[in-house]
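Architecture and fold: a report
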Protein chains: 2
Amino acid sequence: MWRNMDECPVFEDLQAARIPDLKEGMDGDGAEYRIQRYSIPMPAGLHYNYAAKRVDDTVLTILDLLAAEQEVTLKYEMLLSGEEINTGENRKVLHHLTRGQLGDDVIYNGKNMRTFYLEQLEKVREFSEAVRNGSLTAPGGKPFTDVVQIGIGGSDLGPRALYLALKAWGERNNKLKLRAHFISNVDPDDAAAVLSALDLSATLFILVSKSGTTQETLTNERFVGQFLQDAGLNPAKQMVAVTSETSPLANNPAYLASFYMDDFIGGRYSSTSVCGAAVLSLAFGADTFEELLAGAAAADKQALDPCNKRNPALMDALIGVYERNILGYASTAILPYSQALSRFPAHLQQLDMESNGKSVNRFGKPISYKTGPVIFGEPGTNGQHSFYQLLHQGTDIIPLQFIAFAESQYGKDITVEGSTSQQKLLANVIAQITAFACGKQDENPNKSFAGGRPSSLIYGKALTPEALGALLAHYENKVMFQGFLWNVNSFDQEGVQLGKVLAKKVLSHTMPPELAAYAQLFGL
Amino acid sequence: MWRNMDECPVFEDLQAARIPDLKEGMDGDGAEYRIQRYSIPMPAGLHYNYAAKRVDDTVLTILDLLAAEQEVTLKYEMLLSGEEINTGENRKVLHHLTRGQLGDDVIYNGKNMRTFYLEQLEKVREFSEAVRNGSLTAPGGKPFTDVVQIGIGGSDLGPRALYLALKAWGERNNKLKLRAHFISNVDPDDAAAVLSALDLSATLFILVSKSGTTQETLTNERFVGQFLQDAGLNPAKQMVAVTSETSPLANNPAYLASFYMDDFIGGRYSSTSVCGAAVLSLAFGADTFEELLAGAAAADKQALDPCNKRNPALMDALIGVYERNILGYASTAILPYSQALSRFPAHLQQLDMESNGKSVNRFGKPISYKTGPVIFGEPGTNGQHSFYQLLHQGTDIIPLQFIAFAESQYGKDITVEGSTSQQKLLANVIAQITAFACGKQDENPNKSFAGGRPSSLIYGKALTPEALGALLAHYENKVMFQGFLWNVNSFDQEGVQLGKVLAKKVLSHTMPPELAAYAQLFGL
């Protein structure tokens, strides 16, 4: 059942199918029908709309067959039931279990894994409630006002993006109790900047490293510890650990409390585990985090549907494969028209590029087609005044993914020239979709827009915790389905190892000559 | 003299030249020689090192001939002397004049433009000194502690990136007096978040719109004005304008002071004009801003050298063209190993993609080769734990541009396991360069690295204001040279217009059916 995409009989049909003309599809009256029809409801009132993608019914049907031939929902069910889908590392892939159970009980070493994740989540709830209600205070007796997460990559990008996404919502709904901050980079300026702006005697720290060996994170722990000691404070009284039970950080008196994850939760998929639960529950309360989990669980459930027209994650995945392997587009932009999602593209950049930026299949054999694209993005309308020029008139076509919500987060707005800022924001996102799709001829070629540039739109009423959870899981499942289609292992990241090994050689002064020559430039 | 790149006789030689093997070049002992030789000194102690780029002496010689045939430094001289290089809009391109004079006097409507820019800069100096020394206070008598720039695109990304770049330096050197903040997005959550965190009675606002008609910026001005009035404050007493003399914002009693730029300063090139001068002089002092200008001016001067081996901006441009048009790479990552440069990639994304994301040449004729690539990036080491997997093992090769400094900004550091954080940071950047270039074979193909992935390195002792100015001008000039090579107009942005027009149609309810169908989704 595991085979390369180009070994599927239907892949030839996909290559042979007429490539649709997007401008034709989106021109005038036909567009309305298309916008209504090419739309899939998602949980929490969201919709995935792909009317402005360069597909038609024929292509969609072939894509559906491709999904069937690659048995992608069956593979998803196997994953849910605990098969070792991460073959290279002989590991299960269980992040879905952190927010629900859709498959069989997953037992590992006699332990029910769903129960384990729930127990850890319950520990987070108790701890965060004690901090939030003031029964657990900082050593000097102050209530904790701030929380700093020390982690990098998956221990940073997802939780940071989610915190920023809910910050305004939390303020508006009186949920935000601890302000969150993040230290990730080994550049000492990162930690110094964060720490210099805080009252350390009222700040709680969360150290996040699954392995307990991440160089950046352990270095930053020491950096923070030194700052605290210099301020007469004891790190052990105001730092908790998020790690695996087998790591050197586990059961360690250096931490006030410890919350556990395990090797079956990949870093970039860990936002719904205790890695995200701790900081988000401290900031917004455990109930808010449970709402986020409920949104994610509902999206996971919907992703079981084998029909692409009812499964937005699968549809998104299939269209992405079509764009990458048939249309030959090399990158994809994520464009949230929501300031709250300002760092969501950075999270998706890791999620997607680290999962599917692979050149061998899951058996280690080279593959002869393109896999994961470059992912980048900034919030709109900012991007319109930046890189959209190239998106509209550049020599390459870049597929786009817009995200927008009818309501703002703060709900503070102003009417200028007959419209609110929120209305202007929304007017811009839909204007962009049609501008990209339809273009516009002008007698001055410099002012002409070729059009035919595809985009999708995920939209909803408001970015609630539940909607955010659904959005997060949508992209996780999209990436998973693309990995199944391409037959790559989306859950390892061997490509990050070589750099780590060489950096250690530099620091231990056991360098090959090319490294030594570079080290000289910096006097290392 | 203006012709497409593929009309240059030497372009055929470039296409015919043997493509160098980067692994060969960077393998072992030969690398040391290459690292020493493929390096160009820049102002402020910086160096541009291209040893790990996929070029050799033959290719570099042909590229030098290509630059000569396209007369790129002559075109640069014409630009400096006030020719209308922005042909589509019949405009001069004068941002270099904001930091020095390298060509003839530029006279426009009887006005010496260098003198004009200097006068405006002097006005900024006087104003910022009055604010910083407390002789000009907020209406209630408080000294101003914070400054908020309201602007979008070029009025936001460059100044914001430069402010963040110097923030730690400013704190360490007791230069930071006013903390800066930025409001750009029309999403009302952007302004609401910034304003809710400030003491409005001690905050100065800078409204930046060259035309005085930017929808987002004017809307946000009103948003801010409403907040101030609700707090019993008078916007006219704490807001200044940066605009052109012909704009509705000029000479307007609604502002405490006005500083002028003009149509010859493109938004994305405006960081060294009053657009950047105001906020940076208020934050760090006018002397600091002058140091930045001095660094930029020195880089501009070096860019006059017609020989690519002495002209880092030209070399960078030529190698970029080689990567785009001969090697066929579609995107480029900017990877500063410096937390201070966290938003510098976002600025370069605009600078590059808005300038050279064009499909017609400067005469409006279609061109038959690729122009500007996708630009993206995040600071290292963060990126290593995110998208580097794809950079190392993905199916596309992405050229990389590393930036690093021997010293950190705060100078606060800690030694863990025998090395400081700063040393770890630097060890990582050079480890990555060699890992990308040389790769590593492994019997497990999943752990193999093909190598041959090119990168450059700009490095120096420290990110001072002068170094930052040189870095900024380096990229501006690189982009300009690429525009000359490709024969596109790098100074207009017609591609942003259509979206604006359509957004207005939505807001005025005069929509074509495809837009109306989208508008319905949001109840617009």
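First things first, this report covers the structure right here in the doc.

Parameters at a glance
All residue numbers here refer to positions counted from 1 along the written sequence of the relevant chain. Note on labels: chains are lettered from A, ligands numbered from 1, in written order. This being a predicted model, a pLDDT of at least 70 is required before a residue's local features are given, and a value of 80 or more before pairs of side-chain atoms are given or counted; all residues contribute to the totals for chains, interfaces and linings. Side-chain numbers come from the whole structure's heavy atoms, not from hydrogens or water. Working definition: a ring pair exists when centres of Phe, Tyr or Trp rings (six-membered ring for Trp) sit within 6.5 Å. Plane angles under 30 degrees give stacked, over 60 give edge-to-face, the rest tilted. For each residue, the accessible area found with a 1.4 Å probe, counting protein chains only, is set against the maximum for its type, and the residue is called buried under 20%, exposed over 50%, and partly exposed in between. Distance and angle both matter: a charge sits over a ring if NZ of Lys or CZ of Arg is within 6 Å of the ring centre and within 35 degrees of the ring normal. Paired strands are those between which DSSP finds at least two bridges. Secondary structure elements follow DSSP: runs of H or I no shorter than four residues count as helices, runs of E no shorter than two count as strands, and numbering proceeds from the N terminus. For every element, the axis is a line fit to its C-alpha atoms; helices are fit only across the contacting stretch, and the angle between N-to-C directions ranges from 0 to 180 degrees. The copies were overlaid by least squares, fitting only the C-alpha atoms of residues that reach a pLDDT of 70 or more in each copy. Residues are treated as being in contact if the distance between any of their heavy atoms lies within 4.5 Å. Relative orientations are named as follows: roughly parallel for angles under 35 degrees, roughly antiparallel for angles over 145 degrees, roughly perpendicular for angles from 65 to 115 degrees, and oblique for any other angle. Classes in brief: Ala, Val, Leu, Ile, Met, Phe, Trp, Tyr, Cys and Pro nonpolar; Asp, Glu, Lys and Arg charged; the others, Gly included, polar. Put simply, buried area is how much 1.4 Å-probe accessible surface two parts lose in total, over both of them, once they are put together. A side-chain nitrogen of Lys or Arg and a carboxyl oxygen of Asp or Glu constitute a salt bridge if their distance falls within 4 Å. Polar contact is the term for a pair of N or O atoms within 3.5 Å; when the atoms are in protein, one must be able to donate a hydrogen and the other to accept it, and sequence-neighboring residues count only if both atoms are side-chain atoms. For a crossover, the right-handed case is the one in which the path from the first strand over the helix to the second runs clockwise, viewed with the strands pointing away from the viewer.

**A word on the packing of aromatic side chains**
- Taken as a whole and judged by the stated rule, the model has 36 aromatic pairs over all chains.
- For the ring pair Phe387(B) and Tyr388(B), a centre distance of 5.5 Å and an interplane angle of 55 degrees mean the geometry is tilted. The residues Phe387(B) and Tyr388(B) share a single accessibility class, namely buried.
- Directly above the aromatic system of Phe116(A) lies the positively charged group of Lys111(A), at a separation of 3.9 Å from the ring centroid.
- Above the plane of the ring of Trp2(A) lies Arg362(A), whose end atom (NZ or CZ) is 4.0 Å from the centre.

**Observations concerning the sheet that holds strand E12 (residues 400-405) of chain B**
Residue and element names in this part refer to chain B.
- In space, the six strands of this open sheet follow the order E1-E2-E15-E12-E10-E11, with mixed pairing throughout. The sheet terminates laterally at strand E1 (39-41) and strand E11 (374-376), the two strands that pair on one side only. Pairwise comparison of adjacent strand axes, ignoring direction, gives a mean angle of 15 degrees for this sheet.
- The sheet contact formed by E12 and strand E15 (residues 455-460) spans six bridges and is parallel. Bridge pairing in E15 links Phe 405 to Gly 460.

**Describing the relation of the copies chain A and chain B**
- For these two chains of identical sequence, chain A goes onto chain B by a turn of 180 degrees and a shift of 0.0 Å along the axis, with RMSD 0.0 Å. Such values leave the two copies arranged in the relation of a two-fold axis. The C-alpha atom lying nearest the rotation axis in chain A is that of Phe376(A); the distance is 3.2 Å.
- A high fraction, 100%, of the interface residues of chain A reappear at the interface in chain B, so the copies pair face to face through one surface.

**Here we look at the side chain of Thr219(A)**
- Note that Thr219(A) resides in helix H9 (residues 215-230).
- For Thr219(A), a relative accessible area of 2% gives the class buried.
- For Thr219(A), the contacting residues outside a window of four places in its chain are Val186(A), Ile414(B), Val416(B), Ser421(B) and Lys424(B).

**Section: the packing of helix H18 (residues 513-521) of chain A against helix H3 (residues 29-37) of chain B**
- Contact geometry of H18(A) with H3(B) gives a least axis separation of 7 Å together with a crossing angle of 30 degrees. If you check the angle between H18(A) and H3(B), you find them roughly parallel. Two secondary-structure elements touch here, H18(A) through Pro513(A), Glu514(A), Ala517(A), Tyr518(A) and Leu521(A) and H3(B) through Asp29(B), Ala31(B), Glu32(B) and Ile35(B).
- Grouping the constituent residues of the contact of H18(A) with H3(B) by class yields six nonpolar, no polar and three charged.

**Let's talk about the interface of chain A and chain B**
- Across the boundary between the two partners, chain A contributes 131 residues, which contact 131 residues of chain B.
- In total, about 11200 Å² of surface goes out of reach between chain A and chain B, with carbon and sulfur atoms giving 63% of it.
- When residues of chain A are sorted by the area they lose upon contact with chain B, His385(A), Tyr518(A) and Phe522(A) head the list and together hold 8% of the total.
- Across the salt bridge formed by Arg343(B) and Glu378(A), the nearest N and O atoms sit 2.9 Å from each other.
- At the junction of chain A with chain B, the criterion picks out 45 residue pairs in polar contact (both at pLDDT 80 or more).
- Considering each element in turn, the side of chain A that touches chain B owes the most residues, 16 residues, to helix H15 (residues 421-438) of chain A.
- Looking at side-chain class alone, the side of chain A that touches chain B contains 59 nonpolar, 49 polar and 23 charged residues.

**Thoughts on unusual backbone geometry**
Residues and elements named next belong to chain A.
- Following Gly 380, the chain continues to Thr 381 via a peptide bond in cis, the omega torsion being 10 degrees.
- A positive phi angle, near 55 degrees, is found at His 509, a position not held by glycine.
- Position of His 509 among the secondary structure elements: in the loop between helix H17 (497-507) and H18.
- What makes His 509 exposed here is its relative accessible area of 57%.

**Some remarks on the pairing of strand E6 (residues 179-183) of chain B**
Residues and elements named next belong to chain B.
- As paired strands, strand E5 (residues 146-150) and E6 are joined by five bridges and run parallel to one another. The residue of E6 that forms the bridge with Gln 149 is Phe 182.
- In terms of handedness, the path from E5 via helix H7 (residues 157-172) over to E6 forms a crossover that is right-handed.

**Structural notes on the environment of Ala450(B)**
Residues and elements named next belong to chain B.
- Within the secondary structure layout, Ala 450 lies in the loop between helix H15 (421-438) and E15.
- The spatial distance from the C-alpha of Ala 450 to the C-alpha of Ala 317 is 26 Å, given a sequence separation of 133 residues.
- Other than its neighbours up to four places away in sequence, Ala 450 contacts Lys 23 and Gly 439.

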